[in-house]
Amino acid sequence: MTISIRPATPADLPLIAQLIRDLADYEQLAHEVRFDEAVMGEKLFGARPYAEVVIGELDGAAQGFALFFHNFSTFEGKPGIYLEDLFVRPDARGSGLGKALLSHLAMLAVERDCARLEWSVLDWNEPAIGFYKKLGARLMDEWTVMRVDGDALQQLGAAARVSAV
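Remember, it's a predicted structure, so these values are computed and weren't measured experimentally.

### Some details on the side chain of D12
Point 1. Checked against the element boundaries, D12 lands in the loop between β1 (3-7) and α1 (13-26).
Point 2. Each residue touching D12, except ones within four places of it in the same chain, is listed here: R6, P7 and I55.

### What to know about the packing of aromatic side chains
Point 1. Summed over the entire model, instances satisfying the criterion amount to four aromatic pairs.
Point 2. Between F69 and Y82, the aromatic rings sit 5.5 Å apart at their centres with planes inclined by 35°, giving tilted as the arrangement. Here the residue F69 occupies a position in strand β3 (residues 61-73), and Y82 occupies one in strand β4 (residues 78-88), the gap between them amounting to 13 residues.
Point 3. Judged by its relative accessible area of 18%, Y82 is buried.

### Description of the packing of α1 against helix α2 (residues 37-45)
Point 1. Where α1 contacts α2, the axes come no closer than 10 Å and their chain directions differ by 110°. Between α1 and α2, the interaxial angle falls into the category roughly perpendicular. Contacts between α1 and α2 pair L13, P14, I16, A17, I20 and R21 from the former with E37, M40, G41, L44 and F45 from the latter.
Point 2. Residue classes in the contact of α1 with α2 are distributed as eight nonpolar, one polar and two charged.

### Details of unusual backbone geometry
Point 1. Although it is not a glycine, Q28 adopts a positive phi angle of roughly 60°.
Point 2. One can find Q28 in the loop between α1 and α2.
Point 3. By relative accessible area, Q28 is classed as exposed at 60%.
Point 4. Positioned with a positive phi, D113 is a non-glycine residue whose angle comes to about 55°.
Point 5. For D113, the position within the fold is in the loop between α3 (97-111) and β5 (117-119).

### Structural notes on the pattern of salt bridges
Point 1. Across all of its chains, the model carries five salt bridges by this definition.
Point 2. Residue E57 is joined to R6 by a salt bridge in which the shortest nitrogen-to-oxygen separation is 2.8 Å. With E57 in strand β2 (residues 52-58) and R6 in strand β1, the pair connects residues that are 51 residues apart, well separated along the chain.
Point 3. Judged by relative accessible area, R6 falls into the partly exposed class, the value being 26%.

### Examining the pairing of β3
Point 1. The sheet contact formed by β2 and β3 spans seven bridges and is antiparallel. Each residue of the ladder has a partner; that of E57, found in β3, is A62.
Point 2. Joining the antiparallel neighbours β2 and β3 is a turn of two residues, in which D59 adopts a positive phi near 50°.
Point 3. Note that β3 and β4 share ten bridges and pair antiparallel. Its bridge partner being in β4, S73 is matched across the sheet by K78.
Point 4. In textbook terms, the turn of a hairpin is the stretch between consecutive antiparallel strands, and for β3 and β4 this stretch comprises four residues, one of which, G77, has a positive phi near 70°.

Basis of the calculations
In every chain, residue numbers begin from 1 and rise along the written sequence. With the structure being a predicted model, the display of local features is reserved for residues of pLDDT at least 70 and the display and counting of side-chain atom pairs for 80 or more, all residues being used for whole-chain, interface and lining totals. Based on all heavy atoms of the structure, the side-chain values leave hydrogens and waters out of the count. Working definition: helices are DSSP H or I runs of at least four residues, strands are E runs of at least two. Numbering for both runs from the N terminus. Two residues qualify as a contact provided that any one of their heavy atoms is within 4.5 Å of a heavy atom in the partner residue. Two aromatic rings, drawn from Phe, Tyr or Trp (for Trp, its six-membered ring), form a pair once their centres lie within 6.5 Å of each other, and the interplanar angle then sorts them: stacked below 30 degrees, edge-to-face above 60, tilted otherwise. The buried label applies to any residue whose accessible area, calculated with a 1.4 Å probe on protein chains only, is under 20% of its type's maximum; exposed applies above 50%, and partly exposed to all values in between. For helices, the fitted line uses only the C-alpha atoms of the stretch in contact; every axis is such a line through C-alpha atoms, and the angle between N-to-C directions lies from 0 to 180 degrees. Put simply, angles under 35 degrees are roughly parallel, angles over 145 are roughly antiparallel, angles from 65 to 115 are roughly perpendicular, and the rest are oblique. Any residue outside Ala, Val, Leu, Ile, Met, Phe, Trp, Tyr, Cys, Pro, Asp, Glu, Lys and Arg is labelled polar, Gly included; the first ten of those are nonpolar and the last four are charged. Take a side-chain nitrogen of Lys or Arg and a carboxyl oxygen of Asp or Glu: if they are within 4 Å of each other, that pair is a salt bridge. The rule for pairing is simple: two strands pair if DSSP sees at least two bridges between them.

As structure tokens, then:
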């Protein structure tokens, strides 16, 4: 079995969209998938890409992906890579593809002089947590993820416009 990791191209957009839907099904979050494929394509492959995607293949067949982007550590004074999503199709799990995808991102982080590679994992996903720990990842349980989205995001943004006047 041959494992390969390659950068995604615009032609991969339907594949990326399907892998995201497959991930959402696995995470029991399919009801939260709302992307417009054309808009996502512009955000990934347009004039100002906001994220990158690599495709993981087994014997030339796409079986997984990783979507990531750069963040920045003020304490380190260096960029980092944030892994937004990693997914390997169930039939391909145990093949080494997940480790290859993470290893590829770690290689990019080193090449790009990044301070870290980080991501979030659902707390109920014990198989993934165990897998990540075996690779040397550590839980950052002293941190709590915060999010503002939807109406709250609109309201918070509107408050800036009011206070800037």
